[in-house]
Amino acid sequence: MKKLLLIFISILPATAFCQSLKEFKAPNGKTYHIGDTVKVGMGSMPEGNFKYVQVTPLPFFPPRPNGNNFSARKDFAMSTAVIRKIKMASQMSGSDKVMFTVKAGGIGTYDIWIVEAIAACEVTPCSGTAPGAVSHTSVADEILKLKKLLDSGAITKAEYDAQKKKLLDE
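What this report covers is the structure whose coordinates are included nearby. (Residues numbered from 1 in each chain as written. Predicted model: local features only at pLDDT ≥ 70, side-chain atom pairs only at ≥ 80, totals over all residues. Heavy atoms only, no water.)

Quick notes on the overall build of the chain
And then number 1: Summing up its helical and strand segments, the chain has four helices and nine strands in all.
And then number 2: Secondary structure of the chain in N-to-C order comes out as α-β-β-β-β-β-β-β-β-α-β-α-α.
And then number 3: Per-residue burial over the chain gives 32% buried out of 170 residues.
And then number 4: Sequence separation of 24 or more characterises 57% of the internal contacts of the chain that already satisfy a separation of 6 or more.
And then number 5: By element, 63% of the accessible surface of the chain is carried by carbon and sulfur atoms, the whole surface being about 10,400 Å². (Helix = DSSP H or I, 4+ residues; strand = E, 2+ residues; numbered from the N terminus. Buried < 20%, exposed > 50% of the residue type's maximum accessible area, 1.4 Å probe, protein only. Contact = heavy atoms within 4.5 Å. Areas by Shrake-Rupley, 256 points an atom, 1.4 Å probe, with all protein chains shown as cover.)

Re the state of the cysteines
And then number 1: This structure, assessed with the given rule, holds one disulfide.
And then number 2: One disulfide in the model links cysteine 121 with cysteine 126; its S-S distance is 2.0 Å. The exposure classification of cysteine 121 matches that of cysteine 126, with both residues buried. (Disulfide = S-S within 2.5 Å.)

Observations concerning the pairing of strand 4 (residues 37–40)
And then number 1: Where burial is concerned, the two faces of strand 4 differ: the one with Val38 and Val40 is buried and the one with Thr37 and Lys39 is not.
And then number 2: Direction of pairing for strand 4 relative to strand 6 (residues 80–90): antiparallel, over a ladder of three bridges. Across the sheet, threonine 37 pairs through a bridge with valine 82, a residue of strand 6.
And then number 3: Relative to strand 9 (residues 123–124), strand 4 runs antiparallel, the two being bridged by two bridges. Considered in strand 9, the bridge of valine 40 is made with valine 123. (Pairing = 2+ DSSP bridges.)

Observations concerning the environment of alanine 26
And then number 1: Mapped onto the elements of the fold, alanine 26 is located in the loop between strand 2 (23–25) and strand 3 (31–33).
And then number 2: In this structure the C-alpha to C-alpha distance between alanine 26 and valine 98, which are 72 residues apart in sequence, comes to 9.4 Å.
And then number 3: Excluding anything up to four places from it in sequence, alanine 26 contacts Tyr32 and Ile118.

Concerning unusual backbone geometry
And then number 1: The omega angle of the peptide bond from threonine 124 to proline 125 is 0°, so this bond is cis rather than trans.
And then number 2: In this structure, proline 125 sits in the loop between strand 9 and helix 3 (139–152).
And then number 3: The backbone of methionine 78 shows a phi angle near 60°, a positive value even though the residue is not glycine.
And then number 4: A relative accessible area of 8% means that methionine 78 is categorised as buried.

Topic: the packing of aromatic side chains
Where two aromatic rings form a pair, the distance of their centres and the angle of their planes describe that pair.
And then number 1: Applying the stated criterion to the full structure yields four aromatic pairs.
And then number 2: With a centroid separation of 6.3 Å and 85° between ring planes, the pair formed by phenylalanine 24 and phenylalanine 100 is classed as edge-to-face. Note that phenylalanine 24 is positioned in strand 2 and phenylalanine 100 in strand 7 (residues 96–103), a separation of 76 residues in sequence.
And then number 3: With 6.0 Å between their ring centres and 75° between their planes, phenylalanine 50 and phenylalanine 76 make a pair best called edge-to-face. Here phenylalanine 50 is found in the loop between strand 4 and strand 5 (53–55), whereas its partner phenylalanine 76 is found in the loop between strand 5 and strand 6, with 26 residues between them in sequence.
And then number 4: With a relative accessible area of 0%, phenylalanine 50 lands in the buried category.
And then number 5: Taking the relative accessible area as the measure of exposure, phenylalanine 76 reaches 7% and is therefore buried. (Phe/Tyr/Trp six-rings, centres within 6.5 Å; stacked < 30°, edge-to-face > 60°.)

Focus on helix 4 (residues 157–169)
And then number 1: A rise of 1.5 Å per residue sets the reference length of helix 4, with its 13 residues, at 18 Å; its end C-alpha atoms lie 18 Å apart and thus fit the reference within 8%.
And then number 2: Residues of helix 4 that are buried include every one of Tyr160, Gln163 and Leu167, and no others. Buried positions in helix 4, seen along its axis, are confined to an arc of 75° and lie on one side of it. Turned more than 90 degrees off the buried face of helix 4, the exposed positions are Ala158, Lys165, Leu168 and Asp169. (Expected span 1.5 Å × (residues − 1). Arc of directions from axis to C-beta.)

From the geometry alone we can't say anything about function, so treat these as descriptive.
Below you can see the structure in the form of structure tokens.
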């Protein structure tokens, strides 16, 4: 029996202990609640994809062999999503990570590692900016990021124009 218990404990994942939260005060000064919307920024990966915003994996889909299996694609940029769940995952290393499960239209959901996503400006307002404050990442800065993605071939002219229009309409 002791061996069975030891085997069970050894196969627990590092983030096995999750606690549901009703709200979370993020490093950008904003307090998020279930039902609030999250403003998605730009992906921080070189090709414009996201590192800390991921498609919620379904249990029956096997992992893909290319590393970051479920990264949200660049076309998720500049969208809004509604918070469905807020979880604090306690890791065996002793650190805690907060994850939002969000819905942004369609049938799928996304997981956002919120502290890391804010630090990488994958969620706005980014770290160091209070809600409603003018940040160093202005609309012009966001358009410049889009232009760099366009010039590198990571996005098409149509995607660039659509995202630029969204930014200018805000």
